[in-house]
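Topology and contacts: notes
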Amino acid sequence: MADQPTAEALEELKGTLEGGDAAAEAEAPVQAAPAAPAEPVLDEHGRAYATGKRKDAVARVWLKPGSGKIVVNDRDVETYFARPVLRMMLNQPFQEVGRVDQYDVMCTVSGGGLSGQAGAVRHGISKALTYHDPALRPALKKGGFLTRDSRVVERKKYGRAKARRSFQFSKR
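In this text the structure is predicted, and so the values were computed from the model without any measurement.

Quick notes on the rules
Residues numbered from 1 in each chain as written. Predicted model: local features only at pLDDT ≥ 70, side-chain atom pairs only at ≥ 80, totals over all residues. Heavy atoms only, no water. Helix = DSSP H or I, 4+ residues; strand = E, 2+ residues; numbered from the N terminus. Buried < 20%, exposed > 50% of the residue type's maximum accessible area, 1.4 Å probe, protein only. Contact = heavy atoms within 4.5 Å. Areas by Shrake-Rupley, 256 points an atom, 1.4 Å probe, with all protein chains shown as cover. Salt bridge = Lys/Arg side-chain N within 4 Å of Asp/Glu carboxyl O. 1 Å grid on protein atoms, 1.4 Å probe; cavity = no way out; pocket = protein on both sides within 12 Å on 5 of 7 lines; lining within 4 Å. Points joined across faces, edges and corners; volume = space filled by probe spheres on them. Nonpolar A, V, L, I, M, F, W, Y, C, P; charged D, E, K, R; others polar.

The next thing to look at is the overall build of the protein. Along the protein, the regular secondary structure elements total 5 helices and 5 strands. When the helices and strands of the protein are read in sequence order from the N terminus, they spell out α-β-β-β-β-α-α-β-α-α. Of all 172 residues assigned to the protein, the portion counted as buried reaches 27%. Restricting to contacts in the protein with at least 6 residues of sequence separation, those with at least 24 account for 68%. Taken as a whole, the protein presents about 12,000 Å² of accessible surface, with 54% of it coming from carbon and sulfur.

On inspection of all chains with the given rule, the structure shows 6 salt bridges. Note that Asp 43 and Arg 47 form a salt bridge whose closest N and O atoms lie 3.1 Å from each other. The partly exposed category is assigned to Arg 47, whose relative accessible area is 24%. Asp 149 is the partner of Arg 54 in a salt bridge, and the nearest nitrogen-oxygen pair spans 3.5 Å. One end of the pair, Arg 54, is in strand S1 (residues 48–54); the other, Asp 149, is in the segment after helix H5 (137–143), with 95 residues separating them in the sequence. Residue Arg 54 is classed as buried on the basis of its relative accessible area, which comes to 16%.

Our next topic: the layout of surface pockets. Rolled over the atoms, a probe sized like a water molecule indicates the empty space that remains. By volume, the largest pocket is sized at about 160 Å³. Forming the boundary of the largest pocket are 14 residues, of which Gly 68, Ile 70, Asn 91, Phe 94 and Asp 101 lie nearest the centre. Of all the secondary-structure elements, those providing two or more residues to the lining of the largest pocket are helix H2 (77–80) and helix H3 (84–97). The element best represented in the lining of the largest pocket is H3, accounting for 4 residues. Looking at side-chain class alone, the lining of the largest pocket contains 6 nonpolar, 3 polar and 5 charged residues.

Dropping the structure here:
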């Protein structure tokens, strides 16, 4: 029976635990300040490099401060992406962060069609902007420009005309 604590010892232990919990609770809300944005990731020419993908298209994008010139596969953007909707897609990340005509973009894109290529270039521009200026990441993330759109064409199945369409049924 000597091993069992007395009531006074239990009360004293309870008081120290409550006091310790209060001290721990007082310290818990105090958190370290958010870390400063990461350093820019630039190459020896002062450019930010990123890869963008959409459908089957893959774009390699180099971004540097400049006058807003966009070159795609060694051609001007107006000749490569003739439709205004596709050129609008490329400018969306710049408009989101308020940096229109402040960066020159040079990119090579391959695979897929024009719509997928424009989406790949937009994805690459968005990623390159975050590498050049990490403070822009929250705005681009909120706009959904950093998320890779993973939708791709469904493959054709055997016994079907296309991915899901069956052959025409003939009763006779």
